[in-house]
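Below, each chain spelled out in residue letters.
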Amino acid sequence: MTTLAPLKQERREAPQIPRKTASAQRPLRGRLSSAGLLAGLTAALVVSVVLAAGTGAYMVTPAEVLGSIAHQIGLEMGPLPQGMGNAVLWEIRFPRVMLAVIVGVSLACAGATMQGAFSNPLAEPGVVGVSSGAMLGAVMQIVLGFFFAGIWTITIAAFFGGLLAVLAVYAVSRSDGRTEVVTVVLTGIAVNALAGAVIGFLSYFSTDAQLRSITFWMLGSLAQASWLKVAIVLPGAILGLALANAYAHQLDLLSLGERSASHLGVNVERLRLAMMMTVAVLTAAAVAVSGIVMFVGLVIPHLVRMVAGPSHRLLLPAASLAGATILVLADLAGRTIAAPAEIPLGVLTSLIGSPFFLWQLRRTRARQGGWA
Amino acid sequence: MRWSRTLRLPLPAVEGSVLIEARGVCAELGGQRVLDNVDLGVCAGEVLALVGPNGAGKSTLLNVLAGDVRATGGSVLVAGAALESWTHAELALRRAVLPQQVAVAFPFLVDHVVRMGRSPWRRTRASEDDDEVVGDVLEQADVVHLTWRQFTSLSGGERARVGLARVLAQRTQILMLDEPTASLDVRHQELVLQIARSRAADGDGVVVVLHDLGLAGAYADRVVVMDQGRVVADGPPREVLTPSLLSAVYQHDIEVIPHPRTGGPLVLPVRPSA
């Protein structure tokens, strides 16, 4: 078929009707430019990464951190850390900070995607049980000890667990093109409980060593970071991020409801499936290395939406950057506040996240006029 | 799949040609037959009002035409080809649908919501006109002053008009409006039907589900009366809007009086005199 010019280009005669003369100037205040926001968030991430990498039992100055990176990539610039500094950075700190970045990006992006796909501001991998599902997959892999994809086996196991959970929640809570807030949360309880029960059952039969890794997962922590773990989750995180951003425009349309989105040319069934996969991939990437870290996917997209607006094309990258920054800082706090002891990351985020969740719940209920 | 074949763009319609057509359509909801062998064609250049009592099947018929509800019998043709033969994207270039309830899940700006109506035209040459079209429809729907407000902060009537602007922005040859006047004040009810008229004058086909028979009588070229899943009358307002037919269909005595000035039909329920 040949391409055609638009069908109607002539200006239509508007119906004759007196019109309000209110001005329609776009307000200058209130909305940062997208580029400015993303640049600011990137800068914040870089600063927190340098800070986190330098801080700990063995202190390294920011200049030395930057110098060390520069030397590693072959630039003879900046000071090198003294003594063991370089080794501490490259063997302990950088992998950990890197993992915090990946987990933060994955969780925030998964949260934003899920909220878009469910048209529901309370959907979050941790809350609705996708993280538990993913963890169940991971725990089964540990206890049953099956291997089919080398070091990536655990991530793939987590992916299928998460996918199953997200599909279950979706199928149960969907009604009339939207998910109801209450049903999502209640389904989350059921999925979490089921996953918890199976994990409990599996840990009963596990060895001491297996039990230790399971417990570590339950708390959510980055303490066992290594470059190997970075390699394990990086591909999944990149894949999920790319998928989510590719569908950003369609996610916007989905907020009109399924029918209207479909009237605008969105293949809703396909979009749904793609988004479920995306959420599962991202959650699996996060869970496979850090266990369950709750509420990041809830709080971050919400805060970013207040600044950046709800459009997913800006929300997804902005929330990802903000999520990474927050997780790097949270992990830094977790390992320094009570040093030499460590507060697990999941404990810290839940401590801050759950009151926020309650507040959100109250607000949503007030807006909907209560739920029966 | 999106790239596996080129998008078939709509061709200009010939005045009076059938744009969308239901042939012997049957549909069921929850085991209940809600459409029974319905034939309906919407032509280029006409405003077709779909009226009838609650539960007559008006919205279901619209949903079947829109492709939301699958007919259990019969077929729907869009631009002469079976509905199923078009992709979602291609249908979106041909018909726009205003739902009864206009809702947006997140606090999008009105401007953004209306722009969503342009998204079927992305990657076509028509997208060059996006700004102009959006400006036009904001003005048409009388929501220019709301452009930079958040959709979620609007009143019911304002939301309905923004929803209308979004649908108008789609610039399709077929326009389906499901009770577009339900939450509007008198001025805006008239405005919506005037917009429908002006779109028809430009050669589009407009189907509008209405409860206000007066509006249907005043603005429609053709009125289709539905009752219990069937089309019981189809024709110009003066022929269709008769006291006997309406009284039977609505199970309430209805009188139709010619307007003293215009002669158009005024439809009134018979009320006990005080």
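About the cut-offs
Residues numbered from 1 in each chain as written. Chains lettered and ligands numbered in written order. Predicted model: local features only at pLDDT ≥ 70, side-chain atom pairs only at ≥ 80, totals over all residues. Helix = DSSP H or I, 4+ residues; strand = E, 2+ residues; numbered from the N terminus. Rg over C-alpha atoms; globule rule 2.2 N^0.38 Å. Buried ≥ 20, exposed ≤ 12 C-beta atoms within 10 Å, placed from the backbone. Contact = placed C-beta atoms within 7 Å. Expected span 1.5 Å × (residues − 1). Pairing = 2+ DSSP bridges. Axes fitted to C-alpha atoms, helices over the stretch in contact; angles between N-to-C directions. Domains from an automatic or database assignment. Nonpolar A, V, L, I, M, F, W, Y, C, P; charged D, E, K, R; others polar. Left-handed = near helix turned anticlockwise from the far one by under 90°. Parallel < 35°, antiparallel > 145°, perpendicular 65-115°, else oblique. pLDDT = per-residue confidence, 0-100.

Chemist: A description of the overall build of chain B should follow, citing residues and the corresponding values.
Modeler: Helix and strand content of chain B: nine helices and twelve strands. Here the C-alpha radius of gyration of chain B, 19 Å, is about what a compact globule of 274 residues would show, namely 19 Å. Expressed as a percentage of the 274 residues in chain B, the buried residues total 48%. Sequence-distant contacts, at least 24 apart, represent 66% of the contacts inside chain B between residues at least 6 apart.

Chemist: Could you give an account of the overall build of chain A, with specific residues and numbers?
Modeler: Secondary structure assignment for chain A yields 15 helices and two strands. Taking all 372 residues of chain A together, the buried fraction comes to 49%. Relative to all contacts within chain A whose residues are 6 or more apart in sequence, the contacts with residues 24 or more apart total 77%.

Chemist: Can you break down helix H1 (residues 34-54) of chain A residue by residue, with the values?
Modeler: Residues and elements named next belong to chain A. Compared with the 30 Å implied by 1.5 Å per residue over 21 residues, the 30 Å span of H1 between its first and last C-alpha is a close match. By the burial criterion, the buried members of H1 are Leu37, Leu41, Leu45, Ser48, Val49, Val50, Ala52, Ala53 and Gly54. At the exit of H1 stands Gly56, carrying a positive phi of roughly 155°.

Chemist: So what's going on with the sheet that holds strand S6 (residues 95-98) of chain B? Residues and values would help.
Modeler: All names here are of chain B. Here we have six strands laid out as an open sheet, ordered S6-S7-S8-S3-S9-S10, and mixed in their pairing. Whereas interior strands pair on both sides, the edge strands pair on one side only; in this sheet they are S6 and strand S10 (230-235). Pairs of neighbouring strands in the sheet enclose a mean axial angle of 15°, with direction left out of account. Both strand S7 (residues 174-178) and strand S8 (residues 205-209) contribute to a ladder of five bridges, which runs parallel. The residue bridging Met176 from the neighbouring strand is Val207, located in S8.

Chemist: Help me get a handle on the domain arrangement of chain B, residues and values and all.
Modeler: Residues and elements named next belong to chain B. What the domain assignment reports for chain B is domain 1 (1-94 + 172-274) and domain 2 (102-170). Relative to domain 2, the C-alpha centre of domain 1 lies at a distance of 23 Å. At the interface, 14 residues of domain 1 touch twelve residues of domain 2. Across the side of domain 1 that touches domain 2, the residue classes tally to ten nonpolar, three polar and one charged.

Chemist: Talk me through the packing of helix H4 (residues 130-140) of chain B against helix H5 (residues 156-169) of chain B; I want residue IDs and the actual numbers.
Modeler: All names here are of chain B. Between H4 and H5, the shortest axis-to-axis distance is 9 Å and the interhelical angle comes to 140°. The chirality of how H4 crosses H5 is right-handed. Across the interface between the two elements, Val133, Val134, Val137, Leu138 and Gln140 of H4 pack against Ala165, Leu168 and Ala169 of H5. Residue composition of the contact of H4 with H5, grouped by class: seven nonpolar, one polar and no charged.

Chemist: Run through helix H6 (residues 186-201) of chain B, naming residues and quoting values.
Modeler: Residue and element names in this part refer to chain B. The end-to-end C-alpha separation of H6 is 23 Å, in line with the 22 Å expected for 16 residues at 1.5 Å each. Residues of H6 that are buried: His188, Gln189, Leu191, Val192, Leu193, Ile195, Ala196, Arg199 and Ala200. Each element contacted by the buried residues of H6 is listed here: strand S3 (47-51), H4, H5, S7, S8 and helix H7 (213-219). Just downstream of H6 lies Gly203, where phi reads positive at about 100°.

Chemist: Which residues make up unusual backbone geometry, and what are the values?
Modeler: Residue and element names in this part refer to chain B. Even without glycine at this site, Asn37 takes up a positive phi of about 55°. According to the C-beta neighbour criterion, Asn37 is partly exposed, with 15 such atoms within 10 Å. Phi angles above zero are rare outside glycine, and Asp142 is one such case at about 60°. For Asp142, the position within the fold is in the loop between H4 and H5.

Chemist: Account for the sheet that holds strand S5 (residues 81-82) of chain B, with residues named and values stated.
Modeler: Residue and element names in this part refer to chain B. Strand order in the open sheet formed by four strands is S2-S1-S4-S5, and the pairing between neighbours is antiparallel. The open sheet has two free edges, formed respectively by strand S2 (32-43) and S5, since each of these has just one partner strand. Along the sheet, helix H1 (residues 58-66) contacts strand S1 (18-29), S2 and strand S4 (73-78); its crossing angle with S1, the most-contacted strand, is approximately 120°.

Chemist: Describe in detail the packing of H1(A) against helix H14 (residues 312-336) of chain A, supporting the description with residues and values.
Modeler: Residues and elements named next belong to chain A. One can describe the packing of H1 onto H14 by two numbers: an axis separation of 9 Å at closest approach and a directional angle of 20°. Taken together, the axis directions place H1 and H14 in an arrangement best described as roughly parallel. Once H1 is placed against H14, the crossing between them reads as left-handed. Contact residues: Ser34, Leu37, Leu38, Leu41, Thr42, Ala44, Leu45, Ser48, Val49 and Ala52 in H1; Leu314, Pro317, Ala318, Leu321, Ala322, Ala324, Thr325, Val328, Leu329, Asp331 and Leu332 in H14. Counted by class, the contact of H1 with H14 contains 16 nonpolar, four polar and one charged residues.

Chemist: So, the pairing of strand S11 (residues 254-258) of chain B: which residues are in play, and what are the values?
Modeler: All names here are of chain B. Where S11 and strand S12 (residues 265-269) come together, five bridges link them in antiparallel fashion. Note that in S12 the partner of Ile254 across the bridge is Pro269. The antiparallel hairpin formed by S11 and S12 contains six residues in its connecting segment, where Gly263 sits at a positive phi of about 80°.

Chemist: Talk me through the environment of Asp39(B); I want residue IDs and the actual numbers.
Modeler: All names here are of chain B. Topologically, Asp39 is positioned in strand S2. Classification of Asp39 as exposed rests on a count of 12 C-beta atoms within 10 Å. Expressed as a C-alpha distance, the spacing of Asp39 and Arg230, which sit 191 residues apart in the sequence, is 9.0 Å. Those residues in contact with Asp39, other than ones at most four positions away along the chain, are Ala22, Arg23, Gly24 and Val231.

Chemist: Which residues make up the environment of Ser34(A), and what values do they have?
Modeler: Along the chain, Ser34(A) turns up in helix H1. Along the backbone, Ser34(A) and Ala308(A) are 274 residues apart, and their C-alpha atoms lie at a distance of 7.4 Å.

Chemist: Could you give an account of the confidence of the model for chain A, with specific residues and numbers?
Modeler: Per-residue pLDDT for chain A has a mean of 84; in total, 88% of the residues score no lower than 70. Counting interchain partners and residues more than four positions distant, the pLDDT-below-50 stretch residues 1-23 of chain A has 32 contacts.

Chemist: Lay out the pairing of S4(B) with the relevant residues and their values.
Modeler: All names here are of chain B. With five bridges connecting them, S1 and S4 associate as antiparallel partners. Residue Arg23 lies in a different strand from S4, and its bridge partner there is Ser75. Pairing of S4 with S5 involves two bridges; the strand directions are antiparallel. Paired with Leu77 across the bridge in S5 is Ala82. Connecting S4 to the next strand, S5, in antiparallel fashion are two residues, including Ala79 with a positive phi near 50°.

Chemist: Could you give an account of the environment of Ala71(B), with specific residues and numbers?
Modeler: Residue and element names in this part refer to chain B. Mapped onto the elements, Ala71 comes out in the loop between H1 and S4. For Ala71, a count of 23 C-beta atoms within 10 Å gives the class buried. Through-space distance from the C-alpha of Ala71 to that of Glu179 is 22 Å; in sequence the pair is 108 residues apart. Apart from residues lying up to four places away in sequence, Ala71 is in contact with Val25, Cys26, Ala27, Val64 and Val76.

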